[in-house]
Every structure is written in C-alpha cells, then in structure tokens.
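# Coordinates in review
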Amino acid sequence: MSIYFLGINGIIGSGAFLLPQTIYKDMNLMSVFVTICAALTVSMVALCYADLSSRFTGSGAAWLYSYHAFGRFTGYELGIYTCFLGCCTYAAEIVALLTILKTLSPVFSNHVVYYGIAIGIIVLFTIINLFGRTIVKLVDNLSSATKMITILIFIIIGAFFIHKMNFTPVIPKAATLGVGPYFKHFGAAFSVVFYMFTGFSFIPIAAKQMNNPEKNIPKVLISVMITVTILYALMMLVAIGILGSKMVNYSTPIAVAFQKAVGDWGYVLVIAGMLISVIGVAFAGSFNTPSLIASLANEHAMLPKWIGKKNKHDAAWVAILLSAIITMILITQSYLFLVSCIVLASFIQYVPSILAVIKFKHTNEFPNNGFKLPFSYVIPALALIISCYMVTNFTWKTILVGVVVGVLAAVAYFFIEKDEKVEEKHQKYLSKMRNK
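The structure contained in this document is the topic of the report that follows. All of these numbers come straight from a predicted model, not from anything done at the bench.

Reading the values: rules and limits
- Residues numbered from 1 in each chain as written.
- Predicted model: local features only at pLDDT ≥ 70, side-chain atom pairs only at ≥ 80, totals over all residues.
- Heavy atoms only, no water.
- Core = buried A, V, L, I, M, F, W, Y, C linked by side-chain atoms within 4.5 Å.
- Buried < 20%, exposed > 50% of the residue type's maximum accessible area, 1.4 Å probe, protein only.
- Helix = DSSP H or I, 4+ residues; strand = E, 2+ residues; numbered from the N terminus.
- Contact = heavy atoms within 4.5 Å.
- Axes fitted to C-alpha atoms, helices over the stretch in contact; angles between N-to-C directions.
- Parallel < 35°, antiparallel > 145°, perpendicular 65-115°, else oblique.
- Left-handed = near helix turned anticlockwise from the far one by under 90°.
- Nonpolar A, V, L, I, M, F, W, Y, C, P; charged D, E, K, R; others polar.
- Polar contact = N/O pair within 3.5 Å; in protein donor to acceptor, adjacent residues only side chain to side chain.

Further remarks concern the nonpolar core. Note on soluble globular proteins: their nonpolar side chains tend to be buried together. Residues Ile94, Phe154, Phe200 and Leu303 are the most contacted members of the largest nonpolar core, which totals 150 residues. Counting residues per element, this core draws most heavily on helix 6 (residues 72-104), at 19 residues. Among residues more than four places away in sequence, those in contact with Phe154 are Ala159, Met235, Val238, Ala239, Ile254, Ala257 and Phe258.

Structure below.
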C-alpha cells in the first residue's frame, strides 16, 4: 500500500490542478477523450516497466534495465538522465507551489521570500530523508491520502453542480477545419496530458527498499495508472461541467470550479489540496532521486562509491545532499522550461527500456517473476511508436539541454574508475541467465 501511495504521489501533482485550462483550450469537451487516450498510451509504456520490474529486484529502474540489456555505458547514460529527470521534477513542483502561492498573496513575488521558501522546503525534505524510509513512508502516505480525498470530494460534490449546456462546444471550431488542424490541437493537448502521467517511471527506482519488489511493483504500476486515469478524467469532466468555456480564463480552474459550485470554502479546500499535492510530488522526488543516485554508486559502481554512502538510518546521505543542491540550482528556471526538460528526459529513458523488453523477450534472459507482459511484442512495439511521437513536441532549446547533459555525462564516464569485481560478477550473472 505504501508503494501504491508513493506512485500516486509521483504522478498526481501540479499538472492535475494547473493544466486543465491548457488542455481545454485545445480540445474543449474532447479533453476528456484526450485524457483517456493519453492514459492508454502511457499505460503501454508503464506495462513495459511492469514487465521489467518483475525481472529485477535492484533499485534504479530505467538505468538498471538498460545496463543489463545494452551494457555499462548505456546504463550509465540512462542513470544520469533519470537523475536529471528526478531533479527537474523536484524543482518543477516547488516552482509550481510558489506559483500557486503567488495567486494568494503578492508577498510571494518578492525574490527574497520566493527563494527563501523554496530553499526552506528543500532543506526540510532533506532533513526528513536523512532519517530513513520510516518517516518518508509516513509523510508520503499522509500526503497521498489527503490528496486523493480532496480530489474525490471535488468529483463527488461537484457532480451535483454540472450544467449540461457547459458541455458545448464539444471541440474548438479551429480543430474542425480539417485533418491537419484537428491533429494539431489533439497533439498539443495530448502532450500536456502525457506529461501529467510521467511520474509512474519513478515507482521502481527504490525497488531495493521495498518488500517483494518483483511482485509488488508490477501490481502497483497497473493499479496506479488505472486510479489516476479515472481521477483525471472525472476531474476534467466535472470542471468543464461547472465552468464550461469560461475554464480558459482561470489559472487554477479546479479550485475556481469548486468555488462556483459550493462557495469560498470550496476554493480554500481545493487550494489546500493543490498545495498538498504539489508538496507530495516534490517530496516523492526528494526521496526517489537520491535513491537512484545511490543505486548508481552502490550497485554497479557507475559513480564514485562515496556518493552512495549511507548513515545509521540506511539513508544515502551524500546522494540526498547532492540532489538537494542540484534542485536548488534548477528552481531558478521557469515552470514551463522544467516541464519541457521532464518530457525530454522521460522520452530518453522510455525508449531504451522498451527496447530492453523486446530484447529480453527474444533472448529469454532474466525471466519474469510475478508478471509477464501479454501479447508478445505488440505492447512494446506500440509503446515505442508512442514514445517516438514525443520527439515532435521538443523545442531546439530543450534538445540542446538534452545533448549537453548527455555529452557531459559521457566525458565524466571515462574518469570514473570501473570496479572489476562488480563487472566480473555481472558477466557471470549474464552467462548464467543465458545458459538458462
């Protein structure tokens, strides 16, 4: 159940409350359909992760899968990109939190107050993480439960204030002018919704700190995707039913919709839920990212061993401090820029992971334990096509950032001393699995 809540916290964040306005602007009522389509397509990728997580018990997710499938360098590069993704997600949620606070009071626009609160949150999360996963589990479960209760209250009560007339127009007039305009609008909305689901890839990162990860993680990945899809679709439907076309006028449409329905207390409730939601995702990032960094150092010596050092609470304190410092640098960037970096890094880790599934199915290496992907190569093939579609939505600036991160990581790779014992152990393991 704790892994399930970690997954909910990893996915439902700022996007669920701040982006419905953008999605509606592109597709009107069809936004609900786009949400379901995006959920189904992202679920293809999530199913590939479920298959891979049933093959391995180690921490690391994408980098670990690529390491075993394509070798040390590929695994290392994926590890660096996933670390980058984690820090960007962590920073984006803190920036989103302060963006919400700015709408409540102009004092948060002051740079001293803004950065003071941002750094204070990072320091607080760092301290909590230094005391190990017991406190992390408690805080994560509490924030996830609060978040889901807030969303359910909005959906259940808000449903009584829906007006059918608000469900028109079904689709923007500009999107009805031809196939090209339709797919342009659909693609714009699809990309935004796709971002809202990307957090699922963090669930297997701390696998080694979980009980029976090869059996529990696949179950959690599937149940979390189903839960989030239902919540997102119903939130969008209720918000449109209450606000209609006026939805494009509000930066916090869910909160305003509930205010229109039940009064000011509804606005306060949703804003509180938004803050908890955003803090929850940021907190999940503060836990997952150091776990990933530590796994790179400890499991296959891809980073210096001192980075993976742990304290008496079994917390990777060096990795925790390192991720906090990187996040403090990233909070100086805009929310939209950080979102674009998250989508890019997600794409970079999805493709090798999907190819790893195809390879393992072909070679029968690393047998499944607890979950096996059905329909042979169909789901990985569809997931690969879907992931490659994301390329069409990257700007040159985002691609440049991705190239710079990859090149710097490649240069650093040649200065990291390989652990021959680890490599020898890995080769023996591969040989054993091939013999099977």
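There is more to say after this.
Attention now moves to helix 5 (residues 62-70). Across the 9 residues that make up helix 5, a large majority, 8, are buried. Buried residues of helix 5: Ala62, Trp63, Leu64, Tyr65, Ser66, Tyr67, His68 and Ala69, and no others. Gly71, located one to two residues past helix 5, shows a positive phi value of around 105°.

Moving on: the packing of helix 6 against helix 16 (residues 396-413). To characterise two packed helices, one gives the angle between the axes of the helices and the distance between these axes. Packing of helix 6 against helix 16 brings their axes to within 10 Å, and their N-to-C directions diverge by 130°. The orientation of helix 6 with respect to helix 16, classified from their angle, is oblique. For helix 6 against helix 16, the interelement crossing comes out right-handed. Together, Arg72, Phe73, Tyr76, Glu77, Ile80, Tyr81 and Phe84 of helix 6 and Val401, Gly402, Val403, Val405, Gly406, Ala409, Ala410, Ala412 and Tyr413 of helix 16 make up the contact between the two elements. Of the residues assigned to the contact of helix 6 with helix 16, the class counts are 12 nonpolar, 2 polar and 2 charged.

With that settled, the discussion passes to the packing of helix 14 (residues 335-363) against helix 15 (residues 378-389). Closest axis-to-axis distance for the helix 14/helix 15 pair is 10 Å, and the angle between their directions is 160°. Classified by the angle their axes make, helix 14 and helix 15 are roughly antiparallel. For the pair helix 14 and helix 15, the crossing hand works out as left-handed. Packed against helix 14, whose contacting residues are Phe347, Tyr350, Val351, Ile354, Leu355, Val357 and Ile358, the element helix 15 presents Pro380, Ala383, Leu384, Ser387 and Cys388 at the interface. Looking at the contact of helix 14 with helix 15 residue by residue, the classes come out as 11 nonpolar, 1 polar and no charged.

Locating Thr327 in the fold gives a position in helix 13 (residues 317-330). For Thr327, a relative accessible area of 0% puts it in the buried group. For Thr327, the residues in contact, after removing those within four places along its chain, are Cys87, Tyr90, Ala91, Ile94 and Ile122. There is a polar contact of 2.7 Å between the side chain of Thr327 and the backbone oxygen of Ser323.

With respect to the secondary-structure elements, Ala239 resides in helix 10 (residues 213-243). In this structure the C-alpha to C-alpha distance between Ala239 and Leu177, which are 62 residues apart in sequence, comes to 27 Å.

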